[in-house]
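Working through the structure, step by step
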Amino acid sequence: MDSIMNKVSLWISTMRLRTLPLSISGIILASCLAEYNGYFKWKIGILAILTTLSFQILSNLANDYGDGIKGTDNNGRIGPERAIQSGKISPDEMFNAIKINVLISIGLAFLLIFCAFGVKHFLLTLLFFILGIASVVGAIKYTVGSNAYGYRGLGDLFVFVFFGLVSVIGCYVLYAKTIDHVVFLPACTVGLLSVGVLNLNNMRDIVSDEKSNKLTLAVKFGIKNARIYHYALIGLAILLSALFGILYYTSPYNLIFMVAYIPLLIHIKKVSINKEPKLLDPELKKIALTTVLLAILMGVGHLL
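Residues numbered from 1 in each chain as written. Predicted model: local features only at pLDDT ≥ 70, side-chain atom pairs only at ≥ 80, totals over all residues. Heavy atoms only, no water.

**Examining the packing of aromatic side chains**
Within the structure shown, the criterion is met by 11 aromatic pairs. Look at tyrosine 39 and tyrosine 172: their rings are 6.2 Å apart centre to centre, the planes differ by 85°, and that puts the pair in the edge-to-face class. Note that tyrosine 39 is positioned in the loop between helix H2 (20–36) and helix H3 (42–70) and tyrosine 172 in helix H7 (residues 155–176), a separation of 133 residues in sequence. Residue tyrosine 172 is classed as buried on the basis of its relative accessible area, which comes to 0%. Here tyrosine 149 and phenylalanine 158 contribute two aromatic rings whose centre-to-centre distance is 5.3 Å and whose plane-to-plane angle is 40°, an arrangement assigned as tilted. By the burial criterion, tyrosine 149 is buried, and phenylalanine 158 matches it. (Phe/Tyr/Trp six-rings, centres within 6.5 Å; stacked < 30°, edge-to-face > 60°. Helix = DSSP H or I, 4+ residues; strand = E, 2+ residues; numbered from the N terminus. Buried < 20%, exposed > 50% of the residue type's maximum accessible area, 1.4 Å probe, protein only.)

Here it is as structure tokens:
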């Protein structure tokens, strides 16, 4: 019994649950905007969250597998130990888990699309089916395969598109069956901050990634320029969210999300002070949680 529980605990750890709140922050924000405009439905919201979680878990498992078999995850890595890296889960076991997760993700995406559009919106159904397949492929191809885009500096673009644009705008369309201008600035804000989380992760791992020929933007830019890039991401996110607050202002409560600017500005200062990449690790959780906080407050504040 203990061995079974230990195995379950190991797999839960491998799913990296701490990354899940960030993945659904855009869904929560889009749901609040949909509720404000009278489109929100609980079934769509719950299925959207479950589908997004399954995609994120798939991405986490695939990253463990891809980096593990390539040797990128090694003793020189600063972050938490990965499953294949530790030897506690074999590559074959991880690959089987990925295949199961692909089936779960596709099944949930199908239910979500059918629940949202039924048989009345063929073009939207087709579009979201393509997005679902692209999400599965994108989650896997980040580190898996000889042409993994995460090893060519394209991870930032993927995160901005899927964590920002697809998450917020796509989820809103699931509810409303149309696009509204109100979602664009929030989508870009969440996307930029999510890229900031990835960039900070890549800055932390810049030494081991360079040795493993994982050419993230941080590796391509160098640590000095990667910091400037990081400041630009956070600064632009603050600017766009403030613009959203001004353009769609109806009540002082709408601006409650601006309290998240405080930890963001503190974060920027700490990134500028900590010159050693390994000292950036504690900031990862902070900026991820701040992104979640800002997204939720932006959505809830719009309702008040």
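**Notes on the UniProt feature "transmembrane region" (unreviewed entry) in the protein chain**
UniProt feature "transmembrane region" (unreviewed entry): in the numbering of this structure it lies at residues 44–62, 100–119, 125–144, 156–175, 181–201 and 228–249. A distance of 28 Å separates the end C-alpha atoms of residues 100–119, which is 90% helix and 0% strand. Note that residues 228–249 is 91% helix and 0% strand, and that its end C-alpha atoms are spaced 31 Å apart. (UniProt positions renumbered as here; feature names shortened; annotations may be inferred.)

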